[in-house]
Amino acid sequence: MTPLIRARIDGGALLHNLQHLKSRAPRSRVMAVIKANAYGHGLVATARILQSADALAVARLEEGVLLREAGIQNRIVLLEGVPDASQLEAAARYQFDLVVHEPGGVAMLRAWRGEHRFELWLKIDTGMNRLGFRPEQAVGVWESLYALRPRALRVMTHLAAADQVDGLMVARQMERFAPTLEQIGAAAGRGAVAAPEVSIANSAATLALPGLHADWIRPGIALYGVSPFDGSTGATHGLKPAMRLEAAVIAVREVPAGETVGYAGRWRAARPTRIAIIGAGYGDGLLRSFPDGMPVLVNGHSAPLAGRVSMDMIAVDVTDLPPVQVGDIAQIWGAELPVERQAEAAGTIPYELLCSVRQRVPRSYTND
Ligand SMILES: *Cc1c(COP(=O)(O)O)cnc(C)c1O
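Thresholds, definitions, all that
Residues numbered from 1 in each chain as written. Predicted model: local features only at pLDDT ≥ 70, side-chain atom pairs only at ≥ 80, totals over all residues. Heavy atoms only, no water. Helix = DSSP H or I, 4+ residues; strand = E, 2+ residues; numbered from the N terminus. Buried < 20%, exposed > 50% of the residue type's maximum accessible area, 1.4 Å probe, protein only. Areas by Shrake-Rupley, 256 points an atom, 1.4 Å probe, with all protein chains shown as cover. Lys, Arg positive; Asp, Glu negative; His and termini not counted. Charge placed at Lys NZ, Arg CZ, Asp CG, Glu CD. Phe/Tyr/Trp six-rings, centres within 6.5 Å; stacked < 30°, edge-to-face > 60°.

To continue, consider the overall build of the protein. Of regular secondary structure, the protein possesses 11 helices and 18 strands. Counting every position in the protein, which comprises 368 residues, the buried fraction comes to 52%. Accessible area for the protein stands at about 16,300 Å²; split by element, carbon and sulfur atoms hold 51% of it. With 38 positive and 36 negative side-chain charges, the protein shows a separation of 2 Å between the mean positions of the two kinds.

This part is about the packing of aromatic side chains. One pass over the structure, following the stated rule, counts 6 aromatic pairs. Note on Y94 and F96: the rings are 5.7 Å apart at their centroids and 15° apart in plane angle, and the pair reads as stacked. Considering the side-chain rings of W142 and Y146, the 5.1 Å spacing of their centres and the 20° angle between planes classify their relative orientation as stacked. A residue pair is termed a helical-turn pair when its members lie 3 or 4 positions apart in one helix, as W142 and Y146 do in helix α7 (residues 135-147) at 4 residues. W142 sits in the buried class, given a relative accessible area of 3%. Owing to a relative accessible area of 26%, Y146 belongs among the partly exposed residues under this scheme.

Right under this line is the structure:
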């Protein structure tokens, strides 16, 4: 049975992208970021394919638990840490690395009476103002965490604009991070321990800022073959797109000139028009904000969206295409219709389109 809509995931492309990023940062280890259902690619299946990564990263405990329950034994980092003692208990049981990013996290660890010794990532806020300790607090926090004898204590920061070519924000963040690292290194030296391992780079920094690769890179979007930069596609950077979202034509109809198609009659036929109805809608992860004219590929030919995205369907104008039949396949995005371009047409970023793909959409995995 062929499903009406499916996301075909190319495992070979995922592995190619992992290798490619490793070759770009040969001295760094790779923390493969698979939060948000692996950016829509399927959490557990993607983790299995990317097993050779040095660590996997998710946002939350629940995602890590799904991985462990599926038998994944890799190092797993919880990028948002844990919010309370019950989750800390679970994090110990499941052997998760924790990001410590606010004072409550330190207090919780101080109160920890379990056997387990955590591996910790101290997050320093160098200008994103989202998670992390301010640089002037960092050494103090590092010392208090170190005193708790964690199994490992590493340091990380996150870049707010690594994709911007002018690099101004990156420079400002590194002006804060470099001296902070020096102070932490000095504190470590006084305690006769090695300076901690450091992680800075997301996909954009991995691809464009080799000076920031440090000990651990943390690519997300690039693993999926998608460019983190506006105006380019993954292929520009040697990456292969891993997801093809495709759906079947479920009806073909002739619409007389002057009639409208879909909810609220947003689209009106300027000529006698052949419309193909495709079984993919916002209930699958397409966005209701997709504009008229945004293309999909029907049998490999570009066909413009005609009317509002419905919950389970879209309509496209196939008047100028070779004859289209029920059962023909439309590509919503994929190698021939990059998700970066689709995101641009929809006024968003590829991250949002990819992780919008719903659970009800079957994923199939190939490995070539
Ligand atoms: C999501 C995330 C990443 C990956 O970002 P990409 O732009 O997808 O490469 C890296 N680090 C942290 C802390 C993240 O939350």
